[in-house]
Amino acid sequence: MASPLATSGAPFGRMLTAMVTPFTADRALDVDRVQRLAAYLVDEQKNDGLVVSGTTGESPTTSDAEKDLLLRAVLEAVGDRATVVAGVGTNDTAHSIELARAAEQAGAHGLLLVTPYYSKPPQEGLYHHFTSVADSTGLPAMLYDIPGRTGTKIDVGTLIRLALHPRIAAVKDAKGDFFASSQVMLASDLAFYSGDDALNLPWLSVGAVGFVSVVGHVVGAQLADMIGRHRAGDVRGALELHRRLLPVVAGIMTRTQGAIMVKAALDLIGQQGGPLRLPLVEATEQEFAVLRADLVAGGVKLTD
């Protein structure tokens, strides 16, 4: 299924949030809350895309059946007005292919393929892993380069080779090597998305087309405004937004694990992301207090 908002320069839209997965009190998938959160992110936080079953969505602890149900629920809620990208990357190529085909069958607009983790494959292994998954469906793919979690980076030469594949369209970069990524952008048509909220504005300055954000759960509208201002040449206005949002980024992304804090942030604004599944745990009272102060400092309106 084609994305409703893809353009030649930004194949998955521009402002995407890596969406949490809401659970019930007994930690079952909360489909109703999933759909309400998706609608909130698109309609109120001005996201033109959502990533489901990423790490922020606690994908390591959801089953394949839950991933399918989650994706279908989000597509039903917002699939006519936002790009819905399914996280299908694992460290098992055959399993990733199964998930990719299931996502295509469900109606996903694109795939997010994280670098295989823990096993540390060589660059040739990365190349064949990504192309094998990309070959398995007709969907465009976004590679996810996050060596701090996977243990392996995607080298410049490998990315340039991968860019030749007709369905590998973009990179979500959480590597933060602007020089390496600039080399890739110069030598290919890959669209780069910031995958690190602390570096969103710097990424725009070197040619990124948008963000795949975590803090977009609470300040997505401001991030969309930042992208719009920068694209219109209002660099000073984009910088002002960047600085204004620094406390929010600090509160969600630097205090403890991001999924923990963004679910806490959703609670503080009345959106209720629900509990987390082990090995993740809920924010402590002290973490909630610090987060509350961070969000207020960043101009986020709380419900209490």
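Residues numbered from 1 in each chain as written. Predicted model: local features only at pLDDT ≥ 70, side-chain atom pairs only at ≥ 80, totals over all residues. Heavy atoms only, no water.

If you check an unreviewed UniProt entry, the protein appears there as 4-hydroxy-tetrahydrodipicolinate synthase from Sphaerisporangium aureirubrum. Reading the Function (unreviewed entry) entry of the UniProt record for the protein gives the comment "Catalyzes the condensation of (S)-aspartate-beta-semialdehyde [(S)-ASA] and pyruvate to 4-hydroxy-tetrahydrodipicolinate (HTPA)." The heading Pathway (unreviewed entry) in the UniProt record of the protein holds the text "Amino-acid biosynthesis; L-lysine biosynthesis via DAP pathway; (S)-tetrahydrodipicolinate from L-aspartate: step 3/4." (UniProt positions renumbered as here; feature names shortened; annotations may be inferred.)

## Observations concerning the UniProt feature "site: Part of a proton relay during catalysis" (unreviewed entry) in the protein
As recorded in UniProt, the feature "site: Part of a proton relay during catalysis" (unreviewed entry) lies at T55 and Y118. In this fold, T55 is placed in the loop between β2 (49-52) and α2 (64-78). Residue classification places T55 among the partly exposed positions, given a relative accessible area of 33%. Within the fold, Y118 resides in the loop between β4 (110-114) and α4 (123-135). Non-local contacts of Y118, meaning those with residues more than four positions away in its chain, are made with N91 and T150. (Helix = DSSP H or I, 4+ residues; strand = E, 2+ residues; numbered from the N terminus. Buried < 20%, exposed > 50% of the residue type's maximum accessible area, 1.4 Å probe, protein only. Contact = heavy atoms within 4.5 Å.)

## Here we look at the nonpolar core
Counting 83 residues, the largest nonpolar core has M19, L71, V74, V78, M226, I252 and L295 as its most contacted members. By residue number, the principal contributor to this core is helix α12 (residues 258-268), which donates 8 residues. Setting aside chain neighbours within four positions, we find I252 in contact with V214, V215, V218, G258, M261, V262, A265, L291 and L295. Counting residues in hydrophobic clusters, the runner-up holds 18 residues, among them A10, V114, Y193 and V212. (Core = buried A, V, L, I, M, F, W, Y, C linked by side-chain atoms within 4.5 Å.)

## Looking at the UniProt feature "binding site: pyruvate" (unreviewed entry) in the protein
In this structure's numbering, the residues bearing the UniProt feature "binding site: pyruvate" (unreviewed entry) are T56 and V212. Annotated residues spanning 157 residues; largest pairwise C-alpha distance 11.1 Å, indicating a single compact cluster. Structurally, T56 is set in the loop between β2 and α2. Assessed through its relative accessible area of 13%, T56 is described here as buried. Discounting residues that sit within four places of it in the chain, T56 has contacts with A18, M19, V20, T21, V214, H217, A259 and V262. Assignment of secondary structure puts V212 in strand β8 (residues 210-213).

## Quick look at the environment of A28
With respect to the helices, strands and loops of the structure, A28 is situated in the loop between β1 (15-18) and α1 (31-43). For the pair formed by A28 and T62, sequence separation is 34 residues and the distance between their alpha carbons is 9.6 Å. Ignoring anything within four residues of it in the chain, the contact list for A28 reads P22, F23 and R277.

## Structural notes on the side chain of S213
Along the chain, S213 falls in strand β8. For S213, a relative accessible area of 0% corresponds to the buried category. From its side chain, S213 meets the backbone nitrogen of V215 in a polar contact 3.2 Å long. Separated by 2.8 Å, the side chain of S213 and the backbone nitrogen of G216 make a polar contact. (Polar contact = N/O pair within 3.5 Å; in protein donor to acceptor, adjacent residues only side chain to side chain.)

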